[in-house]
Amino acid sequence: METKWLEDFISLVETNNFSRSAALRHVTQPAFSRRIQSLENWLGTDLIDRTSYPTRLTPAGVVFYEQALEMLSKINGARELLRSKRAAAQTSIDLAVPHTLSLTFVPKWLTGLEQDFAPIRSRLMALNVHDAVLQLVEGGCDLLLCYHHPRQPVQLDPGRYDMLVMGRESLRAYARCDKNKVPEFTLPGTKRAPLPFLSYTNNAYLGRMVELILNDAKTPLHLEPHYETDMAEGLKMMALEGRGVAFLPESAVTRELKQKQLARADGDTSDWEIEMEIRLYRERASAHRRGKPIVDRLWEFLEMQQNGGRKKRSLPSSER
C-alpha cells in the first residue's frame, strides 16, 4: 500500500467527487480512479458505492475512513519526528525541479546565489512537473521551481503557497545545421513532404505547450512524428543527430546555437513559439509545517532582489 492512496481516499471522502479530488491531487481522473481501485484491491473490499451519485462510502469505507485518518496521522508524525532530528537538514534546501530546468536554469541560479546570498547546501530532485508539484504539496521539498503558462497553469492555492517569477523561457523549433550553417529542416513543411517531428510524450508539460503552439498556428505545420520522449534533453540529442525538428526551451540550446550545431527552424518568426514563466514556490509556514530558517532567509533575499533591494512592505489592513 502507498501513502498517497490513503491521501486520495481521504480527499475523496471530503469532496464526494472524483473529478474534484483528482484536480486537488494534481492527477487525471482516470489515474485517480485507478489509485482508489488499487487501495480497494489491497484491502480486498470495496470502499466506494459506485451504484449511487453523488459518491457514497460503503459500510467498509466508513470504517476504513477513520482508520485511514489515524494511519496517515501516525505516518506523518513519524516522518516529522525523524525530520526534526536531522539537524543538518535544517541548513539544506530541498528543491523539486522538472528535468529540463534542473539542467539549464538551476546550475547558473545556484552559482549566482552562492555569490550574492550565501553558500547553500542543496538537494535537487529532478522530476516531471506533476511529481515535482506533489513533492511540494506533500511536504517532500522546501521549494518548487517549474514552468507556468496561463493556459497550462500549476494550480497551487495562493492562500497557502508563496510564488516568485524567476524568469521567462521561450519554446521554439530547432533543427541541426548543415555544412552551410543553416537548418536542415524549416517550418512549416508541406503535405507532400512533412517534416520529421521529434515530439514529447502526452504526459510531458512541454508536450502540452507544443500542442498550444500547433493549435494556435496561423500557418498549419506539416509534421510527421518520428520519435518521442518526455525529456527535452533527449529531443535535443536526436535533433543534433539530424533526425528532425524539435521544440526546445531556449536555455537548453544556448551552447548549440552559439557553436552553430543547431539553428532555429522557424525562420526567426514568432508564429510558432510560446513563452513560459519560470516560477518558484514555497509553502507558507504553519503550525503543521514550520519551514526552515534558511528557506525564509533565502525567500526574503529573493523578494528584495525583485523589489530593487527594498524590503517588501506589508499593507495595513485598511488598505488591503
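All of the points below concern the structure found in this document. (Residues numbered from 1 in each chain as written. Predicted model: local features only at pLDDT ≥ 70, side-chain atom pairs only at ≥ 80, totals over all residues. Heavy atoms only, no water.)

### Overview of the packing of aromatic side chains
Each aromatic ring pair is specified by the distance between its two centres and by the angle formed by the two planes.
Consideration 1: Enumeration over the complete set of coordinates arrives at five aromatic pairs.
Consideration 2: Between F197 and F247, the ring centres sit 6.2 Å apart and the planes meet at 85 degrees, which makes this aromatic pair edge-to-face. Here the residue F197 occupies a position in strand β7 (residues 195-200), and F247 occupies one in strand β9 (residues 245-249), the gap between them amounting to 50 residues.
Consideration 3: Here F197 falls in the buried class, since its relative accessible area comes to 9%. (Phe/Tyr/Trp six-rings, centres within 6.5 Å; stacked < 30°, edge-to-face > 60°. Helix = DSSP H or I, 4+ residues; strand = E, 2+ residues; numbered from the N terminus. Buried < 20%, exposed > 50% of the residue type's maximum accessible area, 1.4 Å probe, protein only.)

### Some words on the pattern of salt bridges
Consideration 1: Evaluation of the coordinates by the stated rule reveals 27 salt bridges.
Consideration 2: Among the salt bridges present, the one from E70 reaches K74, with a minimum N-O distance of 3.3 Å. Of this pair, E70 and K74 are both found in helix α4 (residues 59-84), four residues apart, which corresponds to roughly one turn of the helix.
Consideration 3: When its relative accessible area of 41% is taken as the criterion, E70 is described as partly exposed.
Consideration 4: We classify K74 as exposed; its relative accessible area is 56%.
Consideration 5: Here the salt bridges do not stand alone but share partners, grouping R172, E250, R264, D266, D268 and E273 into one network. (Salt bridge = Lys/Arg side-chain N within 4 Å of Asp/Glu carboxyl O.)

### Notes on the packing of helix α6 (residues 106-116) against helix α11 (residues 293-306)
Consideration 1: At a minimum axis distance of 12 Å, the contact between α6 and α11 shows a crossing angle of 95 degrees. In terms of axis orientation, α6 runs roughly perpendicular to α11. Here W109, L113 and D116 of α6 come into contact with α11, specifically with L298, F301, L302 and Q305.
Consideration 2: When the residues that make up the contact of α6 with α11 are grouped by side-chain class, the tally is five nonpolar, one polar and one charged. (Axes fitted to C-alpha atoms, helices over the stretch in contact; angles between N-to-C directions. Parallel < 35°, antiparallel > 145°, perpendicular 65-115°, else oblique. Contact = heavy atoms within 4.5 Å. Nonpolar A, V, L, I, M, F, W, Y, C, P; charged D, E, K, R; others polar.)

### Overview of the pairing of β9
Looking along a regular strand, one sees the side chains alternate between the two faces of the sheet.
Consideration 1: Across the five residues of β9, five count as buried, placing the element largely inside the fold.
Consideration 2: Taking every second residue as pointing to the same face, both faces of β9 are buried, with V245, F247 and P249 on one and A246 and L248 on the other.
Consideration 3: Across two bridges, the pairing between β7 and β9 is parallel. Each residue of the ladder has a partner; that of F197, found in β9, is V245. (Pairing = 2+ DSSP bridges.)

### Examining the environment of D162
Consideration 1: Following the sequence through the fold, D162 ends up in strand β6 (residues 161-176).
Consideration 2: Assessed through its relative accessible area of 15%, D162 is described here as buried.
Consideration 3: For the pair formed by D162 and E283, sequence separation is 121 residues and the distance between their alpha carbons is 6.3 Å.
Consideration 4: Not counting the four nearest positions on each side in its chain, D162 is found in contact with L280, Y281, R282, R284 and W299.
Consideration 5: Here the side chain of D162 touches R284 through a polar contact of 2.5 Å, side chain to side chain. (Polar contact = N/O pair within 3.5 Å; in protein donor to acceptor, adjacent residues only side chain to side chain.)

### So, unusual backbone geometry
Consideration 1: Cis rather than trans, the peptide bond between L187 and P188 has omega equal to 15 degrees.
Consideration 2: Positionally, P188 belongs in the loop between β6 and β7.
Consideration 3: The phi dihedral of N16 is positive, around 60 degrees, even though this residue is not glycine.
Consideration 4: We classify N16 as partly exposed; its relative accessible area is 38%.
Consideration 5: Positive phi is not limited to glycine here, since D268 has a value of about 60 degrees.

### Some points on the pairing of β6
Consideration 1: Burial within β6 is extensive, with twelve of its 16 residues counted as buried.
Consideration 2: By the bridge criterion, ten bridges tie β6 to strand β11 (residues 274-283) in an arrangement that is antiparallel. Bridging from a neighbouring strand, R168 pairs with E277 of β11.
Consideration 3: Where β6 meets β9, four bridges bridge the pair, whose relative direction is antiparallel.

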